[in-house]
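Each chain, letter by letter, is given below.
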Amino acid sequence: MRKNCTGFKVSLVVLYATSAYLNHVVGIQVTSTGPQTIKRSQGTDVTLSCTYSESPSDTGQLDVEWSIVSPDMTQKDNLILSYSGGKEYKLGDPNLMSRLKFVGNPSQGNATITISSVHESDTATYQCKVKKPPGVDSQKITLVILVCPSVPKCWVQNGEEIGGTVSLYCKSSQGSIPLTYKWIKENGALPSTAVQKPQTGELLIYNHSQSYTGNYVCTVNNEVGMEQCKYTLKAYNPVNKAGVIAGAVIGALLLLLLLLLLIWLLICCYQKKRYEKETANEIREDAAAPESRPGSRHSSFRSIMGYHPHQGVTYSSVRNSKPGRADSSIRNFNTNQSQVPSQGTLRYDSKYGFAV
Ligand SMILES: *[C@@H]1O[C@H](CO)[C@@H](O)[C@H](O)[C@H]1NC(C)=O
Ligand SMILES: *[C@@H]1O[C@H](CO)[C@@H](O)[C@H](O)[C@H]1NC(C)=O
C-alpha cells in the first residue's frame, strides 16, 4: 500500500516537471526575479515586480491578472486587478485599489504594480498571472506589512527602597511581534544585581542601593523599527514602620480634636443664631401690629418715628396700643429731655434727629 503511494507521487512529480519544461520552452513566461517574501513597515510604498516574455507560439489574447491568494487552499483566489483586451479592470477592495496601480506597461512585458502607503491589512500573498493562449505562467509574492513599535512607557513598580527589589518595566502598546526590549544604564553598566527579560521588558534590580540610581534607557525594537523611553531611578531609605504607625495615630487624634472643635463651633453658632432670630421675630411682630389700626394716632406716631429709623428708636414703643404705654415709651427715648412731651406738642428737632 505504502509502496503504491510512493510510486504514484513519483509519477506526479515527473508529470509536473515535464509540463513545466514544456511551458518553459513554448509559452509565455514570467521572468521577474526577486524575494518571494517582502517585509515592509506600515505606510511605505511597495513594488511587486512581475515582468514576462512572450513566445511566438502564443497567439491568443494577452491577459494579465493580479489576485490575492486565499490562505485557504480550497477557496478561490480573489482577482483584484486585470489587464485584458488592452483595458485595465480594478476589481478588488476599493480601499486597496485606490492605492494600487500598474507602473510599467502591462502589454509590453511589465506588469509590475505598486501599492502606496501600505496598511497592516495589505499583508497577503499576491499572484501575478500572465496568459497568452496557449501559454500561461504565474508568480507569487508574499507581502508582510509590519508595524513599528510605538514609543514605550517606562515605569517602576513596588517602589525604589534601598535594600529592596526594584521592578522597572518597559512596554510598547503597538508594534508587530516579536518585540524585543533591552535596558541599559546611561553612563555605566547595569547593576550587578540586575536581571532583565527581553521578551517582557522587565528589569529587576535586587538589593537596591544608592549607587544604582541614574537614568535607565529601554529600547524596544522589531524588524522594522525601534523606540526608546527613559526612567530616572532614585533610591529611598526604607520607611520606618513604627514611625508610620505613630504618625498615623497622632494624625487621627489631631483630626478628632479638629472635629470636636468644629462641632462645638457649630453648636455655638446655632444657639446664637436662634437667639438673634427670636429677637428679630419679636421686632417684626411689633412693627406689624399698628397696621391693623389705620388712621389711629399710633400710625401717625409711627410715621414720625419712621423718619429716622436708625436713631436707636425701638419699635417696642408702639407695642401696645394703650395710650399710656405709648407716652411712657416716648419718654424713654427722649431721656436727654427733661420735659416730657405730650402727644399734641410733638415737633421735629434737627438737633436730636427725631421728633421731640
Ligand atoms: C517595469 O516598469 C517600472 C516602471 O516603469 C520600471 O521601474 C521597471 O524597471 C520595469 N521593469 C522592467 C524589468 O523593465
Ligand atoms: C545588599 O547590599 C549591601 C550594600 O550594597 C550589602 O552590604 C549587603 O550584603 C547586600 N545584601 C545582600 C542580601 O546581597
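Residues numbered from 1 in each chain as written. Chains lettered and ligands numbered in written order. Predicted model: local features only at pLDDT ≥ 70, side-chain atom pairs only at ≥ 80, totals over all residues. Heavy atoms only, no water.

This brings us to the nonpolar core. If you look at the biggest cluster of nonpolar residues, it comprises 29 residues, and the most contacted ones within it are Leu-48, Trp-66, Ile-80 and Tyr-126. If you list the elements that add at least two residues to this core, you get strand 3 (46-48), strand 5 (63-69), strand 6 (78-84), helix 2 (94-97), strand 8 (100-102), strand 9 (113-115), strand 10 (124-132) and strand 11 (135-146). When residues of this core are assigned to their parent elements, the largest contribution, four residues, is made by strand 10. Not counting residues within four places of it along the chain, the set of residues in contact with Ile-80 comprises Trp-66, Ser-67, Ile-68, Tyr-89, Lys-90, Leu-91, Gly-92, Leu-96, Met-97, Leu-100 and Tyr-126. If you look at the next biggest cluster of nonpolar residues, it comprises 17 residues, including Leu-168, Cys-170, Leu-203 and Leu-233. (Core = buried A, V, L, I, M, F, W, Y, C linked by side-chain atoms within 4.5 Å. Buried < 20%, exposed > 50% of the residue type's maximum accessible area, 1.4 Å probe, protein only. Helix = DSSP H or I, 4+ residues; strand = E, 2+ residues; numbered from the N terminus. Contact = heavy atoms within 4.5 Å.)

Because side chains alternate across strand 12 (residues 153-157), one face comprises the buried residues Cys-154 and Val-156, and the other comprises Lys-153, Trp-155 and Gln-157, none of which is buried. Sheet analysis places strand 12 next to strand 13 (residues 166-171), joined by five bridges and oriented antiparallel. Of the residues in strand 13, the one forming a bridge with Val-156 is Leu-168. (Pairing = 2+ DSSP bridges.)

This paragraph deals with the state of the cysteines. Scanning the model with the defined rule gives three disulfides in all. Put simply, Cys-50 and Cys-128 are joined by a disulfide, and their sulfur atoms are 1.8 Å apart. Between Cys-50 and Cys-128, the disulfide has an S-S torsion of -55 degrees and is therefore left-handed. With a gap of 78 residues between them, Cys-50 in the loop between strand 3 and strand 4 (52-53) and Cys-128 in strand 10 connect regions that are remote in the sequence. As far as the burial class goes, Cys-50 and Cys-128 line up, both buried. There is a disulfide in this structure between Cys-170 and Cys-218, and the S-S distance comes to 1.9 Å. Torsion about the S-S bond of the Cys-170 and Cys-218 cystine: about -80 degrees, corresponding to left-handed handedness. Placement of the pair is Cys-170 in strand 13 and Cys-218 in strand 17 (residues 214-222), with a sequence separation of 48 residues. Exposure remark for Cys-170: the relative accessible area of 0% places this residue in the buried category. With a relative accessible area of 0%, Cys-218 lands in the buried category. (Disulfide = S-S within 2.5 Å.)

A separate point is the pattern of salt bridges. A full pass over the atoms with the stated rule returns six salt bridges. In this structure, the salt-bridge partner of Lys-39 is Glu-223, at a minimum N-O distance of 2.9 Å. Placement of Lys-39 in strand 2 (residues 37-41) and of Glu-223 in the loop between strand 17 and strand 18 (225-233) is noted, with a sequence separation of 184 residues between them. (Salt bridge = Lys/Arg side-chain N within 4 Å of Asp/Glu carboxyl O.)

So, to be careful, I would describe these as geometric facts and stop short of saying anything about function.
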